[in-house]
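Below are the chains, spelled out letter by letter.
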Number of protein chains: 2
Amino acid sequence: MSDTPRIAPPRRGPYANTARRKAEIVAAAASVFMRSGYRGGSLREIARDLELSFTSVKHHFPTKEHLLIAVLEEYDSLETEQLNRDIALLGVVDAAIALAVRNLDKPETERLLAVMSAEASSSDHPAHEWFVRRYENIRNSMAAGIRTASEAEAIPFVADADFVASAFVALWDGLQLQWLIDPRFDMIDRLRRGFEAILREGSR
Amino acid sequence: MSDTPRIAPPRRGPYANTARRKAEIVAAAASVFMRSGYRGGSLREIARDLELSFTSVKHHFPTKEHLLIAVLEEYDSLETEQLNRDIALLGVVDAAIALAVRNLDKPETERLLAVMSAEASSSDHPAHEWFVRRYENIRNSMAAGIRTASEAEAIPFVADADFVASAFVALWDGLQLQWLIDPRFDMIDRLRRGFEAILREGSR
């Protein structure tokens, strides 16, 4: 043991700088992908937005795909945290509806996710394994949120949280696709009725 | 009025030849898109398969997109006819499940449709208007099938066939996406429970 304690303080030193730089790049990439689309956006445009060298961006994220995955991970983790907090406060249906209403403001993010999920369903797609885990994580995390709230009696008893989670995600993806295709399609009312039906089925 | 009746006999003459040729090209295109994917498939490959000139294929279908739309129209119209026949015979849930089970054999077709639907949701995509109509047609045709069977008392009374149709399509697209991403995901059991829940909600 050295007499100089080597416990790295959080948010200082070169690792913290790397983490902060990566977070800046991820935030800039999210804006660029929203503005120019995933195909239209480029690592060069992201570097320009941040006044960073192209080489520096490439150092942290070797390809545009690495960066997209970082953007999606950030996005998913924020959404999942908020959703699971809301489930205990508002109940499963109102929590999910609140998130769906927030997403009405960002059709381009949702469209990007819909296209990527479908493309990456091919087992030879470079992001395939990541999307397999992404859907597992979303289902498992939502099911865990439902089970925890149900066991704490914050919401009425749910017998089959796994069924409810996978059917919620499916109905949501599907109604959202119909809304992305035709924004006149009212997804929120249908989503609420569908969620309530699925929750009743999962609580029998 | 001429004394020579000008009623064109069906399936003869140059128009019938055109229709037959177009149908052949559509069938060949469906095989090529299944084999090579939509991006990988080309009008040249389709022409080669049919031993036709490239010019002849281009004469009937100026772009690959025209041909894809013809393939999807053929595919949808066959599916819709069969589904609506089955609804009166088997009931709404069993009819939809029978179709979903048939589709388990053609993941590549379903994947192509999932990618295309998401891409074409952008209002600047060349096939956008076609996909807007496609989803309207699928919902309307399924709702009409349910209403007809319900009014004929072939199935129990359904109060809101429009809700049932749009939620069925959504749950189906969504569970199918989860299955396309991970073929170990059992979509059929979840689809049946979800369909039954939605049908109960639409029958209240």
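The shown structure was predicted, so the numbers you read here are calculated from the model rather than taken from an experiment.

Trainee: A description of the UniProt feature "domain: HTH tetR-type" (unreviewed entry) in chain A should follow, citing residues and the corresponding values.
Mentor: The positions that UniProt labels "domain: HTH tetR-type" (unreviewed entry) are, in the present scheme, residues 19-79 of chain A. Helix makes up 87% of residues 19-79 of chain A and strand makes up 0%, while its end C-alpha atoms are separated by 21 Å.

Trainee: Can you explain the UniProt feature "DNA-binding region" (unreviewed entry) in chain A? Please cite residues and give values.
Mentor: Mapped onto this structure's residue numbering, the UniProt feature "DNA-binding region" (unreviewed entry) falls at residues 42-61 of chain A. The span residues 42-61 of chain A shows a helical share of 75% and a strand share of 0%, and its end C-alpha atoms are spaced 12 Å apart.

Trainee: Residue-level account of the environment of A:Thr148, with values.
Mentor: Residue and element names in this part refer to chain A. Here Thr 148 shows up in helix α7 (residues 128-151). The exposure class assigned to Thr 148 is exposed, which follows from its relative accessible area of 52%. Separated by 18 residues in sequence, Thr 148 and Ser 166 place their C-alpha atoms 17 Å apart.

Trainee: Give me the relation of the copies chain A and chain B: which residues, what numbers.
Mentor: A rotation about an axis combined with a shift along that same axis relates the two copies of the chain. It takes a turn of 180° to lay chain A on chain B, together with a shift of 0.0 Å along the axis; the resulting RMSD is 0.1 Å. As the rotation angle and translation indicate, the two copies are arranged about a two-fold axis. When the interface residues of chain A are mapped onto chain B, 100% of them again fall at the interface, so both copies present the same face.

Trainee: Go over the packing of aromatic side chains, please, and point to the residues and values.
Mentor: Across all of its chains, the model carries six aromatic pairs over all chains by this definition. Between A:Phe168 and A:Phe195 the ring centres are 4.0 Å apart and the planes differ by 10°, which places this aromatic pair in the stacked class. Remark: A:Phe195 occurs in helix α9 (residues 187-202) and A:Phe168 occurs in helix α8 (residues 161-181); sequence separation between them is 27 residues. Grouping residues by exposure puts A:Phe168 and A:Phe195 together as buried. Here A:Trp172 and A:Phe195 contribute two aromatic rings whose centre-to-centre distance is 5.6 Å and whose plane-to-plane angle is 70°, an arrangement assigned as edge-to-face. Highlighted residues: A:Trp172 in helix α8 and A:Phe195 in helix α9, separated in sequence by 23 residues. In this structure A:Phe195 comes out as buried when scored by relative accessible area, which is 0%. Three or more aromatic residues link up through ring pairs in this structure, and these residues are A:Phe168, A:Trp172 and A:Phe195. Positioned above the aromatic ring of A:Phe163, the side-chain terminus of B:Arg193 is 4.2 Å from the ring centre.

Trainee: Residues and numbers for the nonpolar core, please.
Mentor: Among the nonpolar cores identified, the biggest contains 136 residues, and A:Leu171 and B:Leu171 are the most heavily contacted of them. Discounting chain neighbours no more than four positions away, the residues touching A:Leu171 are A:Leu191, A:Gly194, A:Phe195, A:Ile198, B:Ala167, B:Ala170, B:Leu171 and B:Ile198.

Trainee: Go over the pattern of salt bridges, please, and point to the residues and values.
Mentor: Evaluated as defined, the whole model comprises 24 salt bridges over all chains. A salt bridge links B:Asp160 to A:Arg193; the nearest nitrogen and oxygen atoms lie 2.9 Å apart. With B:Asp160 in the loop between α7 (128-151) and α8 (161-181) and A:Arg193 in helix α9, this pair bridges two chains. Take B:Asp160: its relative accessible area is 25%, and that puts it in the partly exposed class. Of the charged contacts in the structure, one is a salt bridge between B:Asp182 and B:Arg184, with a shortest N-O distance of 2.8 Å. Judged by its relative accessible area of 9%, B:Asp182 falls in the buried class. Within this structure, A:Asp160, A:Glu201, A:Arg204, B:Arg193 and B:Arg200 form a network of salt bridges that share partners.

Trainee: Could you give an account of the interface of chain A and chain B, naming the residues involved and the relevant values?
Mentor: Taken together, the contact pairs 41 residues of chain A with 41 residues of chain B. Both sides of the chain A and chain B interface together cover about 3,400 Å² of buried area, and 58% of this is carbon and sulfur. For the chain A face of the interface with chain B, the top three residues by lost area are A:Gln178, A:Ile181 and A:Arg193, together amounting to 19%. Here chain A and chain B share eight salt bridges between them. The salt bridge partner of B:Glu136 is A:Arg184, with a shortest N-O separation of 3.4 Å. Here chain A is connected to chain B by 16 residue pairs in polar contact (both at pLDDT 80 or more).

Trainee: Before we move on, can you summarise the confidence of the model for chain A with the specific residues and values?
Mentor: The predicted coordinates should not be examined in detail at positions where pLDDT is low. Residues and elements named next belong to chain A. Per-residue confidence for chain A gives a mean pLDDT of 89, with 93% of residues at or over 70. α8 holds the highest mean pLDDT among the elements of chain A, 98, whereas helix α1 (residues 13-40) holds the lowest, 83. Across residues 1-5, confidence stays below pLDDT 50; counting only partners more than four residues off in sequence or on other chains, it has zero contacts.

Trainee: Mind laying out unusual backbone geometry, listing which residues take part and the relevant values?
Mentor: Its identity is not glycine, yet A:Glu51 carries a phi of approximately 55°, on the positive side. Relative to the assigned elements, A:Glu51 resides in the loop between α2 (43-50) and α3 (54-60). Under the relative-accessibility criterion, A:Glu51 is labelled exposed at 75%. Here the phi dihedral of B:Glu153 falls at roughly 60°; this positive angle occurs in a residue that is not glycine. As for its position among the elements, B:Glu153 is in the loop between α7 and α8.

Conventions and cut-offs
- Residues numbered from 1 in each chain as written.
- Chains lettered and ligands numbered in written order.
- Predicted model: local features only at pLDDT ≥ 70, side-chain atom pairs only at ≥ 80, totals over all residues.
- Heavy atoms only, no water.
- UniProt positions renumbered as here; feature names shortened; annotations may be inferred.
- Helix = DSSP H or I, 4+ residues; strand = E, 2+ residues; numbered from the N terminus.
- Buried < 20%, exposed > 50% of the residue type's maximum accessible area, 1.4 Å probe, protein only.
- Least-squares fit on C-alpha atoms with pLDDT ≥ 70 in both.
- Contact = heavy atoms within 4.5 Å.
- Phe/Tyr/Trp six-rings, centres within 6.5 Å; stacked < 30°, edge-to-face > 60°.
- Lys NZ or Arg CZ within 6 Å of the ring centre and 35° of its normal.
- Core = buried A, V, L, I, M, F, W, Y, C linked by side-chain atoms within 4.5 Å.
- Salt bridge = Lys/Arg side-chain N within 4 Å of Asp/Glu carboxyl O.
- Buried area = accessible area lost by both parts, 1.4 Å probe.
- Polar contact = N/O pair within 3.5 Å; in protein donor to acceptor, adjacent residues only side chain to side chain.
- pLDDT = per-residue confidence, 0-100.

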